[in-house]
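# Tertiary structure, described
Below are the chains, spelled out letter by letter.
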Amino acid sequence: MRKLFIPLFSLAVVVSCGTAKNAADAGGTQSSSVAKGDNAFLSAYKEIKAEDLKKNLYVIASDEMEGRDTGSPGQKKAGQYMVNYYKGLGISYPKALGSYYQKVPADFMKKRGGGNLPDSENILAFIEGSEKPEEIVVISGHYDHVGTRNGVVYNGADDDGSGTVAVMEIAKAFQAAKKAGKGPKRSILFLHVTGEEHGLFGSEYYTDNPVFPLANTVVDLNIDMIGRDDPENRGKQYVYVIGSEMLSSQLKVINEAANKKTNNLELNYKYDDPNDTERLYYRSDHYNFAKNNVPVAFFFDGIHEDYHKPTDDVEKIDYNLLAKRTQLVFTTAWEIANRTDRIVVDKK
């Protein structure tokens, strides 16, 4: 997650930090496909495993990746690992893009305060929907971190190695459903963005140059740090969910229903308070979708003691909790991708 907040943007938000109204009030789950008897969902859900998340994270956040700074050789190694992973699953890229890579030019980043960063790449994997392929559900996470400083590698296991491997694992679950003949009705874009730590550059570049029209983008579920806990919630089974009711009256309802039907984590809405000084709604990649009127939900574990320090290592990840949070995002995405109606955008 980006360390410095963005003071140049402002957005009037009226939110509630309490529990969402029931599903019937918002029309949120009348077409729900996430049910105990949904064998296709349950089979795909079980594909998300703590041991697989751990296996991938031990590569993504290894010293070999040199802290994955934007455009660095280490980041490119991590990116190649991810591309090979998608190839191994039989998940391709958007046809219009022609590869898994969307170049983010150095000049683009420099004009936005990116200094002398080299060219970098967003990585995109794609599963086409079976019934409404033109409608796109985006699941995003940044795969860059802050690199190496004074000879010390900042591995960024949580920030955002955890989100990176979660997106990969969710892709595996959707692909398993597709192979079983139960693929998503809407298309799913698995978007790994670069340059987040320097200024949300990769997600800004994507939303400025979308592979699919933003008007057809149903939601962005953004995952940035979901492998740890913060001091305020030490030992709890929880996750912060940020921005889920900013633009749509249905998204928060759908996410809460998905949570109750799965791991029933404690959903914490602390950072939806417009008076919160951390301003986290503006500090990760979902914001570039939100400012383009795409509903978003940002899944986050909080500011812990190893945030942006070289001690953010793989050994400190709670892999069981990481799996539960990943399952929640998958379940929410499954519902949005398969429900009869597209979720509404009815807030400003």
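Scroll up a little and you will see the structure.
Attention in this report is confined to the structure presented alongside it. (Residues numbered from 1 in each chain as written. Predicted model: local features only at pLDDT ≥ 70, side-chain atom pairs only at ≥ 80, totals over all residues. Heavy atoms only, no water.)

### What to know about the pairing of strand β3 (residues 132–142)
Extensive coverage of β3 is indicated by the burial of 8 of its 11 residues. Strand direction decides the pairing type here: β3 and strand β6 (residues 186–193), joined by 8 bridges, are parallel. Paired with Ser-140 across the strands is Leu-191, a residue of β6. Across 5 bridges, β3 lies against strand β7 (residues 217–223) in parallel orientation. Bridge pairing in β7 places Val-137 opposite Val-219. (Buried < 20%, exposed > 50% of the residue type's maximum accessible area, 1.4 Å probe, protein only. Helix = DSSP H or I, 4+ residues; strand = E, 2+ residues; numbered from the N terminus. Pairing = 2+ DSSP bridges.)

### Re the packing of helix α9 (residues 251–260) against helix α11 (residues 319–338)
Following both chains from N to C, one finds α9 and α11 inclined at 125°, their axes separated by 9 Å at the closest point. With respect to each other, α9 and α11 are oriented oblique. Along this stretch, α9 crosses α11, giving a crossing that reads as right-handed. Facing α9, whose interface residues are Leu-251, Ile-254, Asn-255, Ala-258 and Asn-259, α11 presents Leu-328, Thr-331, Thr-332, Glu-335 and Ile-336. (Axes fitted to C-alpha atoms, helices over the stretch in contact; angles between N-to-C directions. Parallel < 35°, antiparallel > 145°, perpendicular 65-115°, else oblique. Left-handed = near helix turned anticlockwise from the far one by under 90°. Contact = heavy atoms within 4.5 Å.)

### Looking at the nonpolar core
In this structure, Tyr-86, Ile-139, Ile-170, Phe-174, Phe-190, Phe-299 and Phe-330 are the most contacted members of the largest nonpolar core, which totals 66 residues. No other element matches α11, which puts 11 residues into this core. Filtering out sequence-adjacent residues up to four positions away, Ile-139 remains in contact with Val-167, Ile-170, Phe-174, Ile-188, Leu-189, Phe-190, Leu-191, Leu-221, Ile-223, Val-329 and Ala-333. Core analysis: the second largest hydrophobic core is formed by 30 residues, Met-1, Tyr-238, Leu-280 and Tyr-307 among them. (Core = buried A, V, L, I, M, F, W, Y, C linked by side-chain atoms within 4.5 Å.)

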